[in-house]
Amino acid sequence: MSYPYQINSFDEYQSAWKKSVEDPAGFWGDIAQHFQWKKPWETVLEWNFKDPSIKWFSGAQLNITENCIDRHLADKANQPAIIWEPNDPKEHHRMLTYAQLHLKVNQFAHVLKNNGVKKGDRVCIYMGMIPELAIAVLGCARAGAVHSVVFGGFSAQSIADRLQDAQAEFVITCDGAFRGAKDIPLKNVIDDALISCPFVKRVIVYTHTRSAVSMIKGRDVWWEDEVRKVETAGNPDFPAEVMEAEDPLFILYTSGSTGKPKGVVHSCGGYMVYTNYTFINVFQYKSQEVHFCTADIGWITGHSYILYGPLSAGATTLIFEGIPTYPDAGRFWDIVDKFKVNILYTAPTAIRSLMAFGLGHLQNKDLSSLRVLGTVGEPINEEAWHWYDEHIGKKRCPIVDTWWQTETGGVLISNMAGITPSKPSYATLPMPGVQPILVDEKGDEILENNVTGNLCIKTPWPATIRTTYGDHERCRTNYFATYENLYFTGDGAFRDENGYYRITGRVDDVLNVSGHRIGTAEVENAINMHAGVVESAVVGYPHDVKGQGIYAYVIYNGTHGDEAMVRKDITATVSRIIGPIAKPDKIQLVPGLPKTRSGKIMRRILRKIAEGEIENLGDTSTLLDPLVVEEIKKGRI
Ligand code: PRX
């Protein structure tokens, strides 16, 4: 069975795109008819990018969980909504049908309400990749609370920053999470975070690893006890909270070029329509198929294409707790084989890391169920693309290279599986409703093809970022002020003779490490917190597996230990302040940094040295002290 708005041919794609541009309100209004609204909209779209003010489906009311769960009960009650594969392959997997998911989300919405959560309250979720994470997210949405999921690789300090920024009074966590051979003590991390967040009223703790945790009286409660109370009350349905289309659905923090992460806010109505539409069309989802997105729900990919997109389409979505290399590098292929996965959506960094283990891990794995492959998060190099195509897709599965961002909510540029001709390393063409343009430094549109420019989007799509939490001006200056009347993505792109886009990477000071966005300023701030550090500068460099690695130049005047020890101390500091995901790959201690006379660090030079291009550093005559460059070159790691 296909969906009424599923695109079936390239011609259909082209006419859909044309219609979406000529008449966005008509186009999206037609699609939105197919959702369950409690009250219809008055206007499909009102917008200006100046403030910015973007409103989709104004006047409409809905609850996204009714669209993700309730409306499937009539014909899919016994179909698996979620398949969960644990970290340890010897443990049992779990399946939750739509009926079971309905029960659990309703129960948990009651738990939230019983614990004081009201519509609009912010709830921070810090859990491992278990079904209860999905239940917590959906429970919040059902109760009208705004979830803010924080990835399990962030530190206590990062959680505290996010709790404070969102003024979140509620936390949902588990005792611990398994990731490969590691057991991560999530509740302990939360306890550390809460030292500086006395405003947190309630912590709900799910038992997963059964590791020792301190439960503070009056603040901390066990998930299981709270659910039992709802069961004792007879498991009443939870009437889904009535949400305005423009009410916030969630906050997700992401790095920018400044030191402080931004709380990207998405709304209920537009985000639902757009993630559903792109899920169905990019992957060409067919009813009953098993969709396996390997991202973590702590990132936007997990929000949109493990949870909201697939569930709103009545799909079966697979959640995997572990990592691709545990217990060995054949784990993804075991999962594909075991659950007859049809769609595999992963990151280039995972493909590159598995490539390095050779083809042995593919032996005796039946991958014939696969129909579509996808990549996301960073540019995919041609070698990885061909390996994926040949060894995983056996040259019969289209690969969709999906380009998008936390701020865009869903895929903006991508081929559609089997419909748009694919081209290795090209995200190809925009989704219907999306008008990309390239601009030069001055902001003038570049009209010709075979050019590189800064990638902007001309008009809003339904899942456009609405604001940055608590600071709308920051949203404006970050995304809508660089170029007048355009959304600026922060990415550069090349457009070929057919109008296909290839994303070339960030043009701001944001790194993409293993598909994770990390601001250089954030890492610098963390390094500078170390007592012996005077100043630091962080740049990216090409890394075989991670895409980009983190290279830190540090001026150190401490007296504690030799260089190797100092590097370890600095690494530990970054882990403590941001989390293990931001640890520098290389730390070079330097006597000074190349600065202009006005005191600005010349990152261009540092980038070139990190990349190993030490001969041709360009003009260094404007430097305050050109000799420092020679010293840095000598000490390069
Ligand atoms: O630089 C682009 C890169 O990832 C950035 C967005 O990161 P984040 O908000 O964490 O979301 C990642 C998952 C959607 C973009 O600005 N990026 C994402 N997808 C691609 C990509 N670069 C090249 N090709 C892609 N397919």
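Residues numbered from 1 in each chain as written. Predicted model: local features only at pLDDT ≥ 70, side-chain atom pairs only at ≥ 80, totals over all residues. Heavy atoms only, no water.

A few points about the site of the ligand
Residues in close proximity to the ligand total 17 residues, the closest being Asp401, Thr402, Thr406, Asp491 and Arg517. The separation between a nitrogen atom of the ligand and a polar main-chain atom of glycine 377 is 3.1 Å. At a separation of 2.6 Å, an oxygen atom of the ligand approaches a polar side-chain atom of threonine 406. About the coverage of the ligand: the protein hides 96% of its 540 Å² of free accessible area. The set of elements that each furnish at least two residues to the shell around the ligand consists of α11 (300-312), β20 (399-402) and β25 (501-506). Split into classes, the residues belonging to the shell around the ligand amount to six nonpolar, six polar and five charged. (Near = heavy atom within 4 Å. Polar contact = N/O pair within 3.5 Å; in protein donor to acceptor, adjacent residues only side chain to side chain. Areas by Shrake-Rupley, 256 points an atom, 1.4 Å probe, with all protein chains shown as cover. Helix = DSSP H or I, 4+ residues; strand = E, 2+ residues; numbered from the N terminus. Nonpolar A, V, L, I, M, F, W, Y, C, P; charged D, E, K, R; others polar.)

What about the sheet that holds strand β11 (residues 202-206)?
As summarised here, the arrangement of the eight strands in space is β12-β11-β8-β6-β7-β14-β15-β23, forming an open sheet in which the pairing is mixed. Both outer strands of the open sheet, β12 (220-222) and β23 (467-468), are each paired with one neighbouring strand and no more. Here strand β7 (residues 146-149) runs beside strand β14 (residues 248-254); their pairing, made up of two bridges, is parallel. Looking across to β14, one finds that serine 148 is bridged to isoleucine 251. Seen against the sheet, helix α10 (residues 268-282) touches β14 and β15 (262-267) and runs at an angle of roughly 80° to β15. (Pairing = 2+ DSSP bridges. Contact = heavy atoms within 4.5 Å. Axes fitted to C-alpha atoms, helices over the stretch in contact; angles between N-to-C directions.)

Some remarks on the sheet that holds strand β21 (residues 436-439)
The sheet built from four strands is open, its strands ordered β21-β22-β24-β25 with antiparallel pairing. Edge positions in the sheet fall to β21 and β25, since each has one partner strand and no second. Neighbouring strand axes in the sheet, compared pairwise and without regard to direction, differ in orientation by 45° on average. The pairing of β21 with strand β22 (residues 451-457) spans four bridges and is classified as antiparallel. Along β22, the bridge assignment pairs valine 439 with asparagine 454.

Considering the packing of aromatic side chains
Applying the stated criterion across every chain, the model contains 38 aromatic pairs. Ring geometry for tyrosine 305 and tryptophan 404: centres 5.1 Å apart, planes at 85°, overall edge-to-face. Of this pair, tyrosine 305 sits in helix α11 while tryptophan 404 sits in the loop between β20 and β21, placing them 99 residues apart in sequence. The same class applies to tyrosine 305 and to tryptophan 404, which are both buried. An angle of 85° between the planes, with centres 5.2 Å apart, marks the rings of tyrosine 483 and phenylalanine 488 as edge-to-face. Joined through ring pairs, the aromatic side chains of Tyr5, Phe27, Trp28, Phe35, Trp37, Trp41, Trp56, Phe57, Tyr274 and Tyr277 make up one cluster. Directly above the aromatic system of tryptophan 84 lies the positively charged group of arginine 94, at a separation of 5.9 Å from the ring centroid. (Phe/Tyr/Trp six-rings, centres within 6.5 Å; stacked < 30°, edge-to-face > 60°. Buried < 20%, exposed > 50% of the residue type's maximum accessible area, 1.4 Å probe, protein only. Lys NZ or Arg CZ within 6 Å of the ring centre and 35° of its normal.)

Quick word on the pattern of salt bridges
The final tally for this structure, using the stated rule, is 39 salt bridges. Here aspartate 247 ties to lysine 119 by a salt bridge, and the two come within 3.3 Å at their closest N and O atoms. Of this pair, aspartate 247 sits in the loop between β13 (243-244) and β14 while lysine 119 is found in the loop between α5 (98-114) and β6 (122-126), placing the two residues 128 residues apart along the sequence. Residue aspartate 247 is classed as buried on the basis of its relative accessible area, which comes to 18%. Among the salt bridges present, the one from arginine 603 reaches glutamate 524, with a minimum N-O distance of 2.9 Å. Pair noted here: arginine 603 is in helix α18 (residues 603-611) and glutamate 524 is in helix α16 (residues 520-528), with a separation of 79 residues, a long-range link. (Salt bridge = Lys/Arg side-chain N within 4 Å of Asp/Glu carboxyl O.)

As for the domain arrangement of the chain
Under the domain assignment used here, the chain contains domain 1 (10-408) and domain 2 (525-634). Distance from the C-alpha centre of domain 1 to the C-alpha centre of domain 2: 36 Å. Each side of the interface is counted separately: domain 1 has 12 residues, and domain 2 has 12 residues. In this assembly, domain 1 packs against domain 2 so that about 790 Å² is buried in total across both faces, 54% of it on carbon and sulfur atoms. It is Gly153, Ser155 and Arg352 that lose the most area in domain 1 upon contact with domain 2, and together they represent 40% of the buried surface on that side. At the boundary of domain 1 with domain 2, the tally comes to zero salt bridges. Taken together, domain 1 and domain 2 are joined by eight residue pairs in polar contact (both at pLDDT 80 or more). If you list the elements that add at least two residues to the side of domain 1 that touches domain 2, you get α7 (156-166) and α13 (348-355). A per-element tally of the side of domain 1 that touches domain 2 places α13 first, with three residues. Its residues assigned to classes, the side of domain 1 that touches domain 2 shows three nonpolar, seven polar and two charged. (Domains from an automatic or database assignment. Buried area = accessible area lost by both parts, 1.4 Å probe.)

Focus: the nonpolar core
Ranked by size, the top nonpolar core spans 168 residues in total, and within it Trp37 and Phe57 carry the most contacts. It is α10 that contributes the most residues to this core, nine residues altogether. Of the domains in this structure, domain 1 (10-408) and domain 2 (525-634) are the two that each give at least three residues to this core. Of all hydrophobic cores here, the second largest spans 29 residues; its members include Phe320, Ile335, Ile351 and Ile380. (Core = buried A, V, L, I, M, F, W, Y, C linked by side-chain atoms within 4.5 Å.)

Here's the deal with the environment of serine 304
For serine 304, the position within the fold is in helix α11. The exposure class assigned to serine 304 is buried, which follows from its relative accessible area of 0%. Separated by 106 residues in sequence, serine 304 and glycine 410 place their C-alpha atoms 6.5 Å apart. Discounting chain neighbours no more than four positions away, the residues touching serine 304 are Tyr271, Thr275, Gly309, Pro310, Trp404 and Gly409.

Some details on helix α14 (residues 382-392)
Of the positions making up α14, those classed as buried are Ala384, Trp385, Trp387, Tyr388, Asp389 and Ile392. At the exit of α14 stands lysine 394, carrying a positive phi of roughly 50°.

Digging into the environment of arginine 162
With respect to the helices, strands and loops of the structure, arginine 162 is situated in helix α7. The class for arginine 162 is buried, based on a relative accessible area of 6%.

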